[in-house]
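Coordinate inspection notes
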Amino acid sequence: MIMLHMLKGLVLVCLLLVPGSRSGNARSLFLVGGGLADDNDEIYSKFVELSGGSGQARIGVVTGASADPLDSADFYLQQFLAYGAESTYFIPVYIGNEEAANDESVVAELQGLTGIFFGGGDQSRLISLFFQNNGGQRVDTPVMATIRSLYEKGTAVVGGTSAGAAVMSGGVMVNGGMSYNALKYGSATDSPHADDLVYDQNGGFGLAKDLVIDTHFSQRGREGRMIRLLSDTRNQDHGTEFGVGIDENTAFIITSDLLGMNRFGEILGENGVFLVDVGSSSVVESNNGEWGIETVYVDYLREGDVFDLESWDTIIFADFKTDLNGNESNQDPETSDDIFYGSRGDPDLPPILTQVATSLFDCVQASTWGTTWEDKPMFQLNFIKGKYSLGFGGTNPSTGKFEISYQDLLIDIMEA
Ligand SMILES: *[C@@H]1O[C@H](CO)[C@@H](O)[C@H](O)[C@H]1NC(C)=O
């Protein structure tokens, strides 16, 4: 096992060190979990670097998800210029200007780009703008087909934040909902209630192949909605067992070869990425008929960690971290009676579920728990260290903060 880790590690590290990955030898998908700070130099500069670098990058911006696309475009065009782009271009596809998605002059402009960035808002707007409906079948508009091709050939890095990241989903695409409602009522393609879990069964743009992408993740306590969505839809046409929940002000950068193989994700930024695998899980109902699930595997990774998406198994923890096993600093883990409260409305507070789960790896106990504050019914989440669980911690030299990542934590959810 260790040897395999190390060998894989070498391969990944070599890939990471390939200079000038914009020379068309790799695909890069740049997903930001929303809440991107204007002054997040690490993330903006990385996007510019992957787009060819300062003074070279030619970046196109899509703001069609936004309720105010022109204002949002001004903002991103200025941002990318400030972070060193050689030039920027507003891709003018938005509600009220739908025809631009078929415009050959827009397609021609796209051909010169080395990076394309989608801003936030509502991902369903992007679906309606960038696809045509051909007898009930979704077909790429010419602009979408061009963006897809630039990505696939490795000519342009494609990315986005918030809705602009969620829309890249290759599995079903989440459109909204709260974790508690998701556990209680399940998922639907439509609902009159804003808090219910709703999703698009035809998926997103599909650039994040076989993955459900969600954003604002730990900060809004979206772990329950991701687990429920994956579990409900895993056997559908666009279903998948794998989900990636990206935190605010944090990027998950997926790199692969030009066949889409050797795919790995690297974490950059302030918070983390929650990776879910429901492949070994089973749905179990309570005596009252409430939904529950056993044996969901999750990982939570932070800046500098690298995840092998191919195997969904190998992680290279940032080199400033060490194995916490045998070196734990606490006796008991934390618990919570409001496990999906997220960052409690204060982005400076650690999100609750993250805090409880990571505390388990810095102590000697084998399990901990959290419940929902809602009690009709109340759900309980059990967090359990298993045979393959690993926790790594260390002080991030770029922040001076002690950060914990973990691999293969088991989660069970059931009526309390
Ligand atoms: C134990 O943790 C400390 C503090 O993070 C670290 O400096 C040290 O290297 C760790 N020891 C081992 C054996 O990993």
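It should be emphasised that the depicted structure is a prediction, and the values quoted were computed from it without experimental measurement. (Residues numbered from 1 in each chain as written. Predicted model: local features only at pLDDT ≥ 70, side-chain atom pairs only at ≥ 80, totals over all residues. Heavy atoms only, no water.)

1. Some words on the nonpolar core
One finds Ile91, Phe118, Phe130, Met168 and Phe205 to be the most contacted residues of the largest nonpolar core, which totals 51 residues. Examining the composition of this core, we find that five residues originate from one element, helix H6 (residues 142-152), more than from any other. When sequence neighbours within four positions are dropped, the list of residues in contact with Phe118 reads Val62, Leu126, Phe130, Ile147, Val158, Gly159, Gly160, Thr161, Gly164, Met168 and Phe205. Core analysis: the next-biggest nonpolar cluster, separate from the first, contains 39 residues, Ala182, Cys363, Phe379 and Tyr406 among them. (Core = buried A, V, L, I, M, F, W, Y, C linked by side-chain atoms within 4.5 Å. Buried < 20%, exposed > 50% of the residue type's maximum accessible area, 1.4 Å probe, protein only. Helix = DSSP H or I, 4+ residues; strand = E, 2+ residues; numbered from the N terminus. Contact = heavy atoms within 4.5 Å.)

2. Describing the side chain of Arg222
Tracing the backbone shows Arg222 in the loop between strand S11 (212-214) and helix H9 (223-233). If we ignore the near neighbours within four places in the chain, the residues touching Arg222 are Ser179, Asp214, Thr215, His216 and Phe217.

3. Remarks on the site of the ligand
Taken together, Thr322, Asn327 and Phe402 make up all the residues around the ligand. Contacts to the ligand include Asn327, whose side-chain N or O atom sits 2.3 Å from an oxygen atom. Coverage of the ligand by the protein chains reaches 36% of its 360 Å² of free accessible surface. (Near = heavy atom within 4 Å. Polar contact = N/O pair within 3.5 Å; in protein donor to acceptor, adjacent residues only side chain to side chain. Areas by Shrake-Rupley, 256 points an atom, 1.4 Å probe, with all protein chains shown as cover.)

4. Points about the pairing of strand S3 (residues 87-90)
The sheet contact formed by strand S2 (residues 58-62) and S3 spans four bridges and is parallel. Directly across from Arg58, in S3, lies its bridge partner Ser87. (Pairing = 2+ DSSP bridges.)

5. Concerning the sheet that holds S2
Strand order in the open sheet formed by nine strands is S3-S2-S4-S7-S1-S13-S14-S18-S19, and the pairing between neighbours is mixed. A strand with exactly one partner marks an edge of an open sheet, and here the two such strands are S3 and strand S19 (315-316). Strand direction decides the pairing type here: strand S1 (residues 27-32) and strand S13 (residues 250-256), joined by six bridges, are antiparallel. The residue of S13 that forms the bridge with Leu29 is Ile254. The sheet strands contacting H6 are S1, strand S4 (115-118) and strand S7 (157-161), and the helix crosses S1 at an angle near 115°. (Axes fitted to C-alpha atoms, helices over the stretch in contact; angles between N-to-C directions.)

6. Quick look at the packing of aromatic side chains
Taken as a whole, this structure holds 20 aromatic pairs when the rule is applied. Look at Phe307 and Trp312: their rings are 4.9 Å apart centre to centre, the planes differ by 90°, and that puts the pair in the edge-to-face class. An aromatic cluster of at least three residues, connected via ring pairs, comprises Phe30, Tyr44, Phe47, Phe75, Tyr76, Phe80, Tyr83 and Phe117. We note Lys385 situated over the ring of Phe361; from NZ or CZ to the ring centre the distance is 5.9 Å. (Phe/Tyr/Trp six-rings, centres within 6.5 Å; stacked < 30°, edge-to-face > 60°. Lys NZ or Arg CZ within 6 Å of the ring centre and 35° of its normal.)

7. A look at the pattern of salt bridges
As enumerated under the stated definition, the model contains twelve salt bridges in all. Across the pair Glu403 and Arg302 runs a salt bridge whose closest N-O atoms are separated by 3.4 Å. Placement of Glu403 in strand S23 (residues 401-415) and of Arg302 in strand S17 (residues 293-302) is noted, with a sequence separation of 101 residues between them. Just as Glu403 is buried, Arg302 falls in that class too. Asp305 is the salt-bridge partner of Lys321, the closest N and O atoms lying 2.9 Å from each other. With a gap of 16 residues between them, Lys321 in the loop between S19 and strand S20 (322-323) and Asp305 in the loop between S17 and strand S18 (306-308) connect regions that are remote in the sequence. When its relative accessible area of 0% is taken as the criterion, Asp305 is described as buried. (Salt bridge = Lys/Arg side-chain N within 4 Å of Asp/Glu carboxyl O.)

8. Notes on the confidence of the model for the protein
Taken as a whole, the protein shows an average pLDDT of 94; of its residues, 94% reach a score of 70 or greater. Within the model, pLDDT remains below 50 along residues 1-11, and this stretch shows eight contacts once partners closer than five positions in the same chain are excluded. (pLDDT = per-residue confidence, 0-100.)

9. Some thoughts on a negative patch on the surface
Residues Asp38, Asp39, Asp41 and Glu42 make up a contiguous surface patch of negative charge. Within the secondary structure layout, Glu42 lies in helix H2 (residues 41-50). Take Glu42: its relative accessible area is 34%, and that puts it in the partly exposed class. (Patch = residues over 30% accessible without salt bridge, like charges linked within 9 Å, V, L, I, M, F, W, Y side chains within 5 Å. Lys, Arg positive; Asp, Glu negative; His and termini not counted. Charge placed at Lys NZ, Arg CZ, Asp CG, Glu CD.)

10. Notes on the sheet that holds strand S8 (residues 173-176)
The strand order across the open sheet built from three strands is S8-S10-S9, with neighbouring strands paired in mixed fashion. The open sheet has two free edges, formed respectively by S8 and strand S9 (187-188), since each of these has just one partner strand. Across three bridges, S8 lies against strand S10 (residues 197-200) in antiparallel orientation. Looking across to S10, one finds that Met173 is bridged to Asp200. Sheet strands touched by helix H5 (residues 123-130): S8 and S10. Its angle to S8, the strand with the most contacts, is close to 125°. The strands touched by H9 within the sheet are S8, S9 and S10, with S10 carrying the most contacts at an inclination of about 50°.

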